[in-house]
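Fold and geometry: a report
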Amino acid sequence: MMNCTRAFMFVTLVVAWPTMVVCAPAPVADAPKTSTNSPFPWRIAEVWLEPDGKELFTHGGSILTWDAMLDTKPDSPLGRYIAQLRLWGFNGIAFYCDPEANPKAMRNFCHYLKKNGIGMFIRREWHEVETGKSWPVRQGDARPRSSPKLSPYNEQVRAYWEQRIEKDYQMIPELAGYRMNATEFYFVNGAPWMGEGPECNTKTGRECARDAIRLVANLLAKHGGRLFWETCQDDPVGQRHEFHYFRDMTGEIPNNSLVVIKGFYWDFHPRWPRHPLYDVIAKDASGRSPYATSIQQPGEYCGVHDFPWCLVEDFSAAFCDAHATGQQGMWVMAQPHPDGWDHPLNLVNWYAIQRLLRDPLADPATMKVEWARETFGGKAAPTVVTVLDRVTEAARGLYEFDALWTGNHSQFPTLDYLDSHLCGPYRQTPRMKGMMGLVLPLDMYSPARAAEIRANPQTRMVFNQYPITPALKAEAMAQKDAAVRSMEEALSLWRSLPGTIKEEQYRKILAGLEGNLADTIIFRHMMDVYMDWKLGVLTEAKIDAALEACRELKGIVVPAPLDPHPKKTTIVEPASLKSFAEQLRKDLKEPWVEDYWRKNPIGVGVLEPIEYPNEKDKH
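A quick note: this is a predicted structure, and the numbers were derived from the prediction, not measured.

Counting its regular elements, the protein contains 19 helices and twelve strands. In terms of overall dimensions, the protein is globule-like: its C-alpha atoms have a radius of gyration of 24 Å, near the 25 Å expected for 619 residues. A principal-axis box enclosing the C-alpha atoms of the protein has dimensions of 75 × 55 × 50 Å. Taken over 619 residues, the protein has a buried fraction of 61%. Per element, the accessible surface of the protein, about 23,300 Å² overall, is 54% carbon and sulfur. For the protein, the centre of its 70 positive side-chain charges and the centre of its 77 negative side-chain charges are spaced 2 Å apart.

Turning next to the pairing of strand S8 (residues 329–334). In regular strands, side chains alternate between the two faces of the sheet. Summarising burial for S8: six of the six residues are buried, a large majority. Side chains Gly329, Trp331 and Met333 project from S8 onto one buried face, and the interleaved Met330, Val332 and Ala334 project onto a second face that is buried too. Judged from the six bridges that link them, strand S1 (residues 42–47) and S8 form a sheet pairing that is parallel. Among the inter-strand pairings, Trp42 is bridged to a residue of S8, identified as Gly329. Summarising the sheet, strand S7 (residues 291–297) and S8 pair through six bridges and their orientation is parallel. Along S8, the bridge assignment pairs Gln297 with Ala334. The β-α-β motif built from S7, the intervening helix H8 (residues 312–324) and the parallel element S8 has right-handed crossover chirality.

The next subject is the packing of aromatic side chains. One pass over the full model with this rule turns up 38 aromatic pairs. Ring centres of Trp193 and Phe246 lie 6.0 Å apart, and the angle between their planes is 75°; on these two criteria the pair is classed as edge-to-face. Of this pair, Trp193 sits in the loop between strand S4 (177–181) and helix H6 (205–221) while Phe246 sits in the loop between helix H7 (236–245) and strand S6 (257–262), and the two are 53 residues apart along the sequence. Accessibility assignment for this pair places Trp193 and Phe246 in one class, buried. Between Tyr265 and Phe463 the ring centres are 5.3 Å apart and the planes differ by 85°, which places this aromatic pair in the edge-to-face class. Here Phe463 lies in helix H14 (residues 460–463) and Tyr265 lies in the loop between S6 and S7, a separation of 198 residues in the sequence.

On to helix H18 (residues 577–589), then. The terminal C-alpha atoms of H18 lie 18 Å apart, and with 13 residues this matches the ideal 18 Å at 1.5 Å per residue to within 8%. Here H18 has its buried residues at Leu577, Ser579, Phe580, Ala581, Gln583, Leu584, Arg585 and Asp587. Check the buried side of H18 and you find it contacts helix H12 (415–423), helix H16 (503–535), helix H17 (540–549) and helix H19 (593–599).

This brings us to the packing of H12 against H18. Where H12 meets H18, the closest approach of the two axes is 9 Å, and the angle between their N-to-C directions is 75°. Put simply, H12 runs roughly perpendicular to H18. Between H12, through Leu415, Asp416 and Leu418, and H18, the contact on the second element is made entirely by Phe580, Gln583 and Leu584. Split into classes, the residues belonging to the contact of H12 with H18 amount to four nonpolar, one polar and one charged.

What counts and what doesn't
Residues numbered from 1 in each chain as written. Predicted model: local features only at pLDDT ≥ 70, side-chain atom pairs only at ≥ 80, totals over all residues. Heavy atoms only, no water. Helix = DSSP H or I, 4+ residues; strand = E, 2+ residues; numbered from the N terminus. Rg over C-alpha atoms; globule rule 2.2 N^0.38 Å. Buried < 20%, exposed > 50% of the residue type's maximum accessible area, 1.4 Å probe, protein only. Areas by Shrake-Rupley, 256 points an atom, 1.4 Å probe, with all protein chains shown as cover. Lys, Arg positive; Asp, Glu negative; His and termini not counted. Charge placed at Lys NZ, Arg CZ, Asp CG, Glu CD. Pairing = 2+ DSSP bridges. Right-handed = clockwise from strand over helix to strand, strands pointing away. Phe/Tyr/Trp six-rings, centres within 6.5 Å; stacked < 30°, edge-to-face > 60°. Expected span 1.5 Å × (residues − 1). Contact = heavy atoms within 4.5 Å. Axes fitted to C-alpha atoms, helices over the stretch in contact; angles between N-to-C directions. Parallel < 35°, antiparallel > 145°, perpendicular 65-115°, else oblique. Nonpolar A, V, L, I, M, F, W, Y, C, P; charged D, E, K, R; others polar.

Take a look at the structure:
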């Protein structure tokens, strides 16, 4: 049986392997030919929607329904979105579902997409051999395990994927391929390096990952299909595994396969360092590498559709890095809002994405000005660009403290969620009494690069730990106060624009900015009482004063700060200032939080539940 020590065995062993072809397959069809002149042959939008199901992190509603897929009308919300993706320059789309739930809809929608120059990619997971399905996602507990059905050298595994792929192409003949994942941390929980068997036991974890990619890619190649293998482990220790298991893939995997990595360390957190794999990607003689970079718009940590956040500079850096390392694809996680696809100010991000798909070296400042001119006119453009900068600074101060997140996936956090994510325990980060910061691992970087990241003041709380003192509170509050000031400046600037832009545009954005100012004030009061609690000086009178100060406020993120029972936002259970305050009040009277961490040593947000309608009926 495989044991967990083999996960980091990096000795190359050569053994005979007669059961499957490991060489690159014969050339397969290139990406669909489009008018987009892009250095990235593949440009995929992964829409975080499930047909007739949940939309992740947005409460805007879903444009993806089985009926719309059965008969996709160009003027329907779904038809218009496909046209928009096409206009932006995408040539592939992926989404969440069990294709066998409605084969006819999948087949018809795939045909519609292909007519529009877009390929459909369906989700399949490596552990499906064990469960018989990939969706809904199976969640695990991150404990090391092994299984013969996770081995890429197992004949039963090979036979399963042969039959699965044949069946999928019978069901959806025009299918473009698979988006696949395999992890051992929390989500999905079934990776090739967890395989059990004679061949697995002589291989390194990287070889197992490589050979699983070869297996699926070669089988897809028979149908002209492509494989996008996502690396995401969704854990800081998993980041180490991504670095080890998926490095050195250039020249090692078939030409119809790409390894998808996130642009940032671990997840989609702005300002966090870029993924460590960037530092070791080698290019072939043609200057290419079999990788694709994944970014997210709008971000689940960046306000989604409720709080504007200009990510043009972040995206520019990601595209430049992907281009410099010869990557062959860009993968964009998308959460479309039916009303204009995104927050009106966030459309600058989509403008940048479509420009960067064509020119990854495009200048961020120029793109922002061009978008503002095209959208609001030349007279208003300079002011609009300044507003973008101010709301972005406000968003950082609202949702972060030195890049540690102070929101719950863009919603207001509960006390236990906030405390876990600021002070631990959180996944692999232990809790230290009187300390704040996560001290996430950096050993997958070179020592010099790790030291540089650790010294970066923008992300210092992520990779360091500091005593909780009045001085630390002052630093946290300075960022929250700055968020309020930035939002006040943005609102004042926007109020100077009447008559220079369309009245409907002006009023719609004004209302949102007014609500966002309220959000920054509410989050500021949250941090104030939280830090007093951490310092042991919080009083009930201070709690009452904070609640009273926010009584008349109506935010966008926090529409009712004094609501004792805020409603769930898709998969996120948000708090309000009132419910947060009552958790604090309870701890003042009868301490419960530290005892909670003794009972929950891996923290909050580790297994955020993804619920679906009639979930029990699906099993």
